[in-house]
Amino acid sequence: MNLDSYRIASEPYYEPLGEEIATFAAAYSERLPVMLKGPTGCGKTRFVEHMAWRLGKPLITVAAHEDMTAADLAGRYLLEPSGTVWHDGPLTLAVRHGAICYLDEIVEARQDTTVVIHPLTDARRILPLEKHNEIVPAHPDFQLTISYNPGYQSAVKDLKESTKQRFVAIDFNYPPPPMEAAIIVRESGTDQTLAGILVAIAQRSRNLQGHGLDEGASTRMLIHAGRMVRAGLPLEAAVRSSIVLPITDNPDIRAALSEAIAACLP
């Protein structure tokens, strides 16, 4: 099968924060699975896209969700006019044909779903397809990458230790303010002054983390706000629609956040 449609044609913009590029490249050279840990909207997905482009490998991305089953990853029989036909799932496609498979926010999936990846993350590098009565050996170019947000850990939504310890881990966080401002300028087309204001707003919101907010404003949210301003929306309205309203539904927390943000606005 030709996976050209999964190849990334042009370089995705990514600003490195540390040794993550070298770490991922080393892990890929040994075909070790990688786990990206960090808050929502801090650049984990963009990083994987950048590395797939840098390594010249196709990238198959799966956004995990609470209803995702092992069959959604591995494949299933479907009824067609010619009869019942087996269809590979995205993970099986990557295993057979040598792509990087990225399971985004894997902790959102059912816990039994993660079991299907275990044989791919040790020396066996195989994918058992029980319903198809087949064991698929991993292509030499196959590599598995997962991401999850430790901030959402709970008794029911966390990765098992037996899963975590199979991966090389890379920690992600929001960039330092000057770098975050540069990213906002690059990604939203705003000027440096506005980017600085948005970063200051993010700092205020992140200070409320653990005091009513699960997480502060992400870099992605700041880029959205910048783009809304570029589209003609006043800054205060852009901040409210891109940051305040999405981040919480609690009216008291919204009021506290709005007050903190007001101090940053010109």
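The coordinates are above.
This structure is a prediction, so every number in the text was calculated from the model and none was measured. (Residues numbered from 1 in each chain as written. Predicted model: local features only at pLDDT ≥ 70, side-chain atom pairs only at ≥ 80, totals over all residues. Heavy atoms only, no water.)

Can you help me understand the nonpolar core in this one?
The nonpolar side chains of a soluble globular protein tend to be buried, and buried together. Core analysis: the largest hydrophobic core is formed by 32 residues, its most contacted members being Leu91, Val95, Leu103, Leu127, Phe142, Leu144 and Ile146. Of all the secondary-structure elements, those providing two or more residues to this core are β2 (59-63), α3 (70-74), α4 (90-97), β5 (100-104), β6 (126-129) and β8 (143-148). When sequence neighbours within four positions are dropped, the list of residues in contact with isoleucine 146 reads Val34, Met35, Leu36, Tyr102, Leu103, Ile106, Leu159 and Phe167. Counting 27 residues, the second largest nonpolar core, distinct from the first, contains Leu194, Ala202, Ile223 and Val239. (Core = buried A, V, L, I, M, F, W, Y, C linked by side-chain atoms within 4.5 Å. Buried < 20%, exposed > 50% of the residue type's maximum accessible area, 1.4 Å probe, protein only. Helix = DSSP H or I, 4+ residues; strand = E, 2+ residues; numbered from the N terminus. Contact = heavy atoms within 4.5 Å.)

Explanation requested: the sheet that holds β5 in the structure shown.
Two pairing modes exist for strands in a sheet, parallel and antiparallel, and in both the strands are linked by backbone hydrogen bonds. Pairing is parallel across the open sheet formed by five strands, whose spatial order is β2-β5-β8-β1-β9. Lying at the two open borders of the sheet, with one neighbouring strand each, are β2 and β9 (168-171). Strand-to-strand, the axes of this sheet are offset by a mean angle of 20°, without reference to chain direction. Bridge count for strand β1 (residues 34-37) against β9 is four bridges, and the pairing is parallel. (Pairing = 2+ DSSP bridges. Axes fitted to C-alpha atoms, helices over the stretch in contact; angles between N-to-C directions.)

Where do I start with unusual backbone geometry in this structure?
The phi angle at glutamate 105 is positive, at roughly 55°, despite the residue not being glycine. Position of glutamate 105 among the secondary structure elements: in the loop between β5 and α5 (111-114). What makes glutamate 105 buried here is its relative accessible area of 17%. Despite not being glycine, asparagine 133 shows a phi value in the positive range, around 55°. Here asparagine 133 is to be found in the loop between β6 and β7 (134-137).

Could you clarify how one ought to interpret helix α8 (residues 192-207) in this entry?
The periodicity of an α-helix, 3.6 residues per turn, causes residues three or four positions apart to be oriented the same way. Here α8 is 16 residues long and its end C-alpha atoms lie 23 Å apart, about the 22 Å a rise of 1.5 Å per residue gives. Regarding α8, the residues found buried are Leu194, Ala195, Ile197, Leu198, Val199, Ile201, Ala202, Ser205 and Arg206. Looking at the buried positions of α8, the neighbouring elements they touch are α7 (177-188), α9 (219-230), α10 (235-247) and α11 (251-262). Regarding α8, its N-cap is aspartate 191, as a side-chain oxygen of that residue lies 3.1 Å from the backbone nitrogen of threonine 193 further along. (Expected span 1.5 Å × (residues − 1). Polar contact = N/O pair within 3.5 Å; in protein donor to acceptor, adjacent residues only side chain to side chain.)

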